[in-house]
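Analysis of the macromolecular model
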Amino acid sequence: DICTDFGLAELFEKVAHGVVTRAAAALKKENDWNGCSILLVEAATAHARSFIISEFSQGVATHPVSQKLKTILSNLFQLMAISRILEDPSNFLRFANLQFSHLDQLARRRDGLLSSIRPLAVPLVDSFDFRDEVLRSTLGCWDGWVYHRLFQAAARTPLNMRGGGQGDREQPNKKSKSKL
């Protein structure tokens, strides 16, 4: 099943194998490292992603933690892996024999994972014990001034720093000058 931890890891391994094999064949044929540099970068990226996915999958499966924590870690792992696949499915279609129906299945699984992870998002972030000042979080305040902080954060953005509408007023002037 492609929606399991090991199924996802296997997909990444197939993609890494296919991309590395393609890069090696191109390099053997042309013997031009500069000409094959894009393929070599793709191969390195695919291999690194496969390694990370494989190690994460193994760690979730074999690490002695509670079943509840294992489920949370597995859900986070699957969300990461599925999101990567859906960002750029071309190599998965080419090398891992995925079908478009599988992509639909993965998208539904991603949506389900987001629904199940969403209630745990704040406790998960809080579990790392980073203070809100370190995260520069406008929402993570306990004193009730959330909207005030949101307004201050919006006011500090570069777009709002220069004053509203200046670009709109300058644009008609440029257009009218170009017609003269």
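Look up: the structure comes first, before these words.
Predicted, not measured: the structure shown is a model, and the values here were computed from it. (Residues numbered from 1 in each chain as written. Predicted model: local features only at pLDDT ≥ 70, side-chain atom pairs only at ≥ 80, totals over all residues. Heavy atoms only, no water.)

Regarding the overall build of the protein chain
Under the convention used in this document: Working definition: helices are DSSP H or I runs of at least four residues, strands are E runs of at least two. Numbering for both runs from the N terminus. Between buried and exposed lies partly exposed: a residue is buried under 20% and exposed over 50% of the maximum accessible area for its type, with that area taken using a 1.4 Å probe on protein chains only. It only takes one pair of heavy atoms within 4.5 Å for two residues to be counted as in contact. A 1.4 Å probe and the Shrake-Rupley method give the accessible areas. Residues count as covered only by the protein chains that appear here.
A count of helical and extended segments in the protein chain gives 10 helices and 0 strands. Mapped from its N terminus to its C terminus, the protein chain presents α and β elements in the order α-α-α-α-α-α-α-α-α-α. Looking at the protein chain residue by residue over its 180 residues, the buried ones come to 23%. The long-range fraction of contacts in the protein chain, counting pairs at least 24 apart against all pairs at least 6 apart in sequence, stands at 61%. Summed over all atoms, the accessible surface of the protein chain reaches about 12,900 Å², with 59% contributed by carbon and sulfur.

Notes on helix α5 (residues 100-117)
As a reminder of what qualifies: Given a helix with a known number of residues, its expected span is that number minus one, times 1.5 Å.
Here α5 spans 25 Å end to end across 18 residues, near enough to the 26 Å set by a 1.5 Å rise per residue. If you follow the buried residues of α5, they end up packed against α1 (5-30), α3 (67-87), α4 (90-95) and α6 (121-127).

Points about the environment of L113
If you trace the backbone, L113 turns up in helix α5. Judged by its relative accessible area of 1%, L113 falls in the buried class. With near-sequence residues (within four places) excluded, L113 lies in contact with N75, Q78, L79 and I82.

Let's talk about the side chain of S74
Note on placement: S74 falls in helix α3. If near-sequence neighbours (up to four positions away) are discounted, S74 is found in contact with D5 and V60.

A few points about the pattern of salt bridges
For clarity, the cut-off: We count a salt bridge whenever a side-chain nitrogen from Lys or Arg sits within 4 Å of a carboxyl oxygen from Asp or Glu.
Under the defined criterion, the tally for this structure stands at 4 salt bridges. Its salt-bridge partner being R84, residue E87 comes within 3.4 Å of it at the nearest N-O pair. Of this pair, E87 and R84 both sit in helix α3, 3 residues apart, roughly one helical turn. A relative accessible area of 58% places E87 in the exposed class. Judged by its relative accessible area of 35%, R84 falls in the partly exposed class. Two residues, D111 and R110, come together in a salt bridge whose shortest N-O distance is 3.3 Å.

Side note on α3
Here α3 spans 30 Å end to end across 21 residues, near enough to the 30 Å set by a 1.5 Å rise per residue. Residues of α3 that are buried include every one of I72, S74, N75, F77, Q78, L79, A81, I82 and I85, and no others. For α3, the secondary structure elements touched by its buried residues are α1, α2 (37-62), α4, α5 and α6.

With respect to unusual backbone geometry
Backbone geometry places N97, a non-glycine residue, at a positive phi of 60°. Owing to a relative accessible area of 55%, N97 belongs among the exposed residues under this scheme.

Points about a nonpolar patch on the surface
What counts here: Like-charged residues are merged into a patch within 9 Å and nonpolar side chains (Val, Leu, Ile, Met, Phe, Trp, Tyr) within 5 Å, provided each residue has over 30% relative accessible area and no salt bridge.
Taken together, V125, F128, F130, V134 and L135 make up a surface patch of nonpolar side chains, about 510 Å² in accessible area. Mapped onto the fold, V134 is located in helix α7 (residues 132-135). Relative accessible area serves as the criterion here: at 55%, V134 is assigned to the exposed category.

Quick notes on the packing of α1 against α2
Short version of the rule: Throughout, an axis means a line fitted to C-alpha atoms (over the contacting stretch in the case of helices), and angles, computed between N-to-C directions, take values from 0 to 180 degrees. Orientation categories follow fixed angle ranges, with anything under 35 degrees roughly parallel, anything over 145 roughly antiparallel, 65 to 115 roughly perpendicular, and all other angles oblique. The handedness criterion is simple: a crossing whose near helix is rotated anticlockwise from the far helix by less than a right angle is left-handed, and one whose near helix is rotated clockwise is right-handed. Think of it as three bins: nonpolar holds Ala, Val, Leu, Ile, Met, Phe, Trp, Tyr, Cys and Pro, charged holds Asp, Glu, Lys and Arg, and polar takes everything else, Gly as well.
Axis separation between α1 and α2 bottoms out at 8 Å; the angle between their running directions is 160°. The angle between the axes of α1 and α2 places the two elements in the roughly antiparallel class. The two elements α1 and α2 cross, and the hand of that crossing is left-handed. By residue class, the composition of the contact of α1 with α2 is 17 nonpolar, 5 polar and 5 charged.

Details of the side chain of S50
Tracing the backbone shows S50 in helix α2. The buried category is assigned to S50, whose relative accessible area is 9%. What S50 contacts, discounting residues up to four positions off in sequence, is F12, E13 and A16.

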